[in-house]
Amino acid sequence: MFGFFFQMFLLCAGAFLAGVVLTWLTMRTRETPAPAAPLSIMEEHPAAAPAIKANSRTMMFHTPESPYYKRMKGDAFFHSPEDARRAGYTMWTPRPRVPAGA
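Description of the structure in this document. (Residues numbered from 1 in each chain as written. Predicted model: local features only at pLDDT ≥ 70, side-chain atom pairs only at ≥ 80, totals over all residues. Heavy atoms only, no water.)

Before going further, it helps to spend a moment on the side chain of Thr63. With respect to the helices, strands and loops of the structure, Thr63 is situated in the loop between strand S2 (60-62) and strand S3 (76-78). A polar atom in the side chain of Thr63 sits 3.0 Å from the side chain of Glu65. A polar contact of 3.2 Å, which involves the side chain of Thr63, links it to the side chain of Trp92. Dropping the residues within four chain positions of it, Thr63 is found in contact with Ile52, Tyr69, Pro81, Met91 and Trp92. (Helix = DSSP H or I, 4+ residues; strand = E, 2+ residues; numbered from the N terminus. Polar contact = N/O pair within 3.5 Å; in protein donor to acceptor, adjacent residues only side chain to side chain. Contact = heavy atoms within 4.5 Å.)

Right under this line is the structure:
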């Protein structure tokens with residue numbers, strides 16, 4: 001009975017250690033992410049106030065012409081739409097209105 005318990009213990013310990021080693025090997029090869037692009041863009045134009053608000057979760061930016069511009073908080077700011085596009089953000093687009101009966 002003790003031999004069976006010992007064999008099961010060794011099998012479980014071996015499986016656990018194999019999982020630890022495989023996880024460590026896959027995690028150590030990942031690179032750390034680069035710093036957020038809006039910070040470097042903000043440093044390029046320190047004198048002017050940013051006019052473009054962006055949301056990093058949706059990766060969309062809003063210009064002052066956007067109907068959502070005033071009520072959106074924004075967690076990234078840019079000085080021009082080109083800066084926002086260069087950072088990988090997409091410009092807002094108006095949604096088409098759907099008729100009530102459809």
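Still more ground to cover, so stick around.
Once that is clear, we can look at the pattern of salt bridges. Two side chains bearing opposite charge may form a pair once their charged atoms approach each other closely. All chains considered together, the criterion is met by one salt bridge. In this structure, Asp83 and Arg86 form a salt bridge, with 2.6 Å as the shortest nitrogen-oxygen distance. Placement of both Asp83 and Arg86 in helix H3 (residues 81-86) is noted, with a separation of three residues, approximately one turn of the helix. Asp83 sits in the buried class, given a relative accessible area of 4%. (Salt bridge = Lys/Arg side-chain N within 4 Å of Asp/Glu carboxyl O. Buried < 20%, exposed > 50% of the residue type's maximum accessible area, 1.4 Å probe, protein only.)

Residues Phe2, Phe5, Phe6, Phe9 and Leu10 make up a contiguous nonpolar surface patch of about 600 Å² in total accessible area. Tracing the sequence through the fold places Phe9 in helix H1 (residues 2-28). (Patch = residues over 30% accessible without salt bridge, like charges linked within 9 Å, V, L, I, M, F, W, Y side chains within 5 Å. Areas by Shrake-Rupley, 256 points an atom, 1.4 Å probe, with all protein chains shown as cover.)

Next up on the list: the packing of aromatic side chains. In this structure the tally under the stated criterion is two aromatic pairs. On the basis of an interplanar angle of 20° and a centroid distance of 6.4 Å, the ring pair of Phe2 and Phe6 is categorised as stacked. A residue pair is termed a helical-turn pair when its members lie 3 or 4 positions apart in one helix, as Phe2 and Phe6 do in helix H1 at four residues. Under the relative-accessibility criterion, Phe6 is labelled partly exposed at 43%. When the ring centre of Tyr69 is taken as reference, the NZ or CZ atom of Lys53 above it lies at 4.6 Å. (Phe/Tyr/Trp six-rings, centres within 6.5 Å; stacked < 30°, edge-to-face > 60°. Lys NZ or Arg CZ within 6 Å of the ring centre and 35° of its normal.)

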